[in-house]
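Observations on the three-dimensional arrangement
Take a look at the letters that make up each chain.
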Amino acid sequence: MRVTLGDVCEKGSSNLKQSDVINKTGAYPIYGAAGYLGNVDFYHQDKPYVAVVKDGAGIGRTTLHPAKSSVIGTMQYLLPKSNVLPEYLYYVVQYMHLEKYFTGATIPHIYFKDYKAEQFNLDAMERQKEIVASLQKVETLIKVRQQQLQKLDELVKARFVELFGDPKINPNNYLVCPLSEYISFLTSGSRGWAQYCTDNGSEWFITIKNVKDCHISTDNMQPIDAPDNAEAKRTKVQEGDLLISITADLGRTGVVTKEIAEHGAYINQHLTCIRLNKTVLNPLYVAYFMESPAGKEQFELKNQSAVKAGLNFNSIKSLRIMIPSINEQNMFVEFLNQTDKSKVAVQKSLDEAQLLFDSLMQQYFG
């Protein structure tokens, strides 16, 4: 039967602040927008409930909480009535994507009065239990696959240290030199590319959001219809180019793949493109070195402004790199490539599980 959200739950409010739980102890958990905050000696709700982030970052995020717990004031209690299971209500509210009801430009917020009329399909109690069990199974599979991807990333980082040692210590006494000694080409992107961005573009525009964790993601990459001029040719990347973010989140790295290079891609002003002497340095090794704590520390030290992060070419060139033999570097990259194959398989399974979850949510509540 079709009902509204207001038919199955009541709102509740909290006036607690995060500072109210500092240095407190007790048997009862308290939660904020980012999750568990700690334990206190009191609780606001004696039965399980759903909470929604109603103010600020993460607005609309939905969580399910146990009996005898509380949330802070940036969250809204949704208290289930007798006609709905708390777990069922949790999935219903998650399905609704309440963030679409936000108002406010500076600090976004959502109000129960604006979304309580949202409609969904409410099943009988026994059927609710079956639906919850089905969704929990798929959600568990999604979490397992996400954990597997995380473990594979951790494995690569551990292998890096196993092969080369901690770069901060350099226990193998590798030669350490400025990156400038091995750069054959260095450039950064330019401004004013928005006019060339189009949904029908045949090439790609790489921005800082596409570069992370030593990879360049083509997901949500902006299509572009690039001009045929010297500026475009200067900022067009080639296979094996090392990209490093030079503003905002400094030091994010990625290496241009054959797929990206053949498709055609250009960088914006927040990225620098480095072409290396590949007989000495494997770009993927350099990317992982730069993403290590030793590399990140260099970016922090070379940051030229406490107000607005930024690096110039001289700062990039003066980055110091530990240089194992090219054979050792290639050994690491081969391990990385094998791990990436495993990640592709896990990611495929994760995508399929997420697709199934979304389909079931639509089937049950739409």
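Rules behind the numbers
Residues numbered from 1 in each chain as written. Predicted model: local features only at pLDDT ≥ 70, side-chain atom pairs only at ≥ 80, totals over all residues. Heavy atoms only, no water. Helix = DSSP H or I, 4+ residues; strand = E, 2+ residues; numbered from the N terminus. Buried < 20%, exposed > 50% of the residue type's maximum accessible area, 1.4 Å probe, protein only. Contact = heavy atoms within 4.5 Å. Areas by Shrake-Rupley, 256 points an atom, 1.4 Å probe, with all protein chains shown as cover. Lys, Arg positive; Asp, Glu negative; His and termini not counted. Charge placed at Lys NZ, Arg CZ, Asp CG, Glu CD. Pairing = 2+ DSSP bridges. Axes fitted to C-alpha atoms, helices over the stretch in contact; angles between N-to-C directions. Core = buried A, V, L, I, M, F, W, Y, C linked by side-chain atoms within 4.5 Å. Arc of directions from axis to C-beta.

What about the overall build of the protein?
- For the protein, the helix and strand inventory stands at 10 helices and 20 strands.
- Across its three principal axes, the protein shows a C-alpha extent of roughly 70 × 50 × 40 Å.
- Evaluated residue by residue, the protein yields a buried proportion of 46% over its 366 residues.
- Considering only intrachain contacts with a sequence separation of at least 6, the fraction spanning at least 24 residues in the protein is 73%.
- When the accessible area of the protein is evaluated, it comes to approximately 18,900 Å², of which 51% is carbon and sulfur surface.
- Looking at the protein, you have 39 positive and 40 negative side-chain charges, and the mean spots of the two groups are 3 Å apart.

As for unusual backbone geometry
- Look at Asn 23: it is not a glycine, yet its phi comes out positive at around 65 degrees.
- Mapped onto the elements, Asn 23 comes out in the loop between β2 (9-12) and β3 (28-32).
- Of the residues examined, Asn 23 reaches a relative accessible area of 78% and is grouped as exposed.
- Of note in this structure, His 97 is not a glycine but carries a positive phi near 50 degrees.
- Given a relative accessible area of 46%, His 97 falls into the partly exposed group.

Description of the sheet that holds strand β5 (residues 49-53)
- If you walk across this open sheet you meet the 4 strands as β2-β8-β5-β6, and the pairing is antiparallel. Either end of the sheet is taken by a strand with one partner, and the two such strands are β2 and β6 (62-65). Between one strand and the next, the sheet's axes are offset by a mean angle of 30 degrees, whatever the strand orientation.
- In this sheet, strand β8 (residues 75-80) lies alongside β5 in antiparallel orientation, the contact comprising 4 bridges. The residue of β8 that forms the bridge with Val 52 is Gln 76.
- Where helix α2 (residues 86-96) meets the sheet, its contacts fall on β2, β5, β6 and β8, and the angle it forms with β6 comes to roughly 170 degrees.

A few points about the sheet that holds strand β15 (residues 222-224)
- An order of β15-β12-β18 is seen for the 3 strands of this open sheet, with the pairing classed as mixed. Looking at which strands have only one partner, the edges of the open sheet turn out to be β15 and β18 (265-267). Recorded for the sheet is a direction-independent mean angle of 35 degrees between the axes of neighbouring strands.
- Here strand β12 (residues 203-206) runs beside β15; their pairing, made up of 3 bridges, is antiparallel. Bridge pairing in β15 links Trp 204 to Pro 223.

Remarks on the nonpolar core
- Among the nonpolar cores identified, the biggest contains 38 residues, and Leu 5, Val 8, Leu 78, Tyr 88, Leu 89, Leu 135 and Phe 365 are the most heavily contacted of them.
- When residues of this core are traced back to their parent elements, those giving at least two are α1 (5-8), β5, α2, α3 (112-115), α4 (125-164) and α10 (326-365).
- The dominant element in this core, judged by the number of residues it contributes, is α10, at 8 residues.
- With sequence-adjacent residues up to four places away left out, Tyr 88 is seen in contact with Phe 120, Asn 121, Leu 122, Asp 123, Gln 128, Ile 131, Val 132, Tyr 364 and Phe 365.
- Formed by 35 residues, the second largest nonpolar core is a distinct cluster that contains Ile 274, Ile 316, Ile 321 and Met 322.

Structural notes on helix α8 (residues 293-302)
- Listed as buried for α8 are Ala 294, Gly 295, Gln 298 and Phe 299. When α8 is viewed along its axis, its buried side chains cluster within an angular range of 145 degrees and face the same direction. The outward face of α8, more than 90 degrees from its buried face, is lined by the exposed residues Pro 293, Glu 300 and Leu 301.
- For α8, the secondary structure elements touched by its buried residues are β16 (242-245), α7 (283-291) and β20 (320-323).

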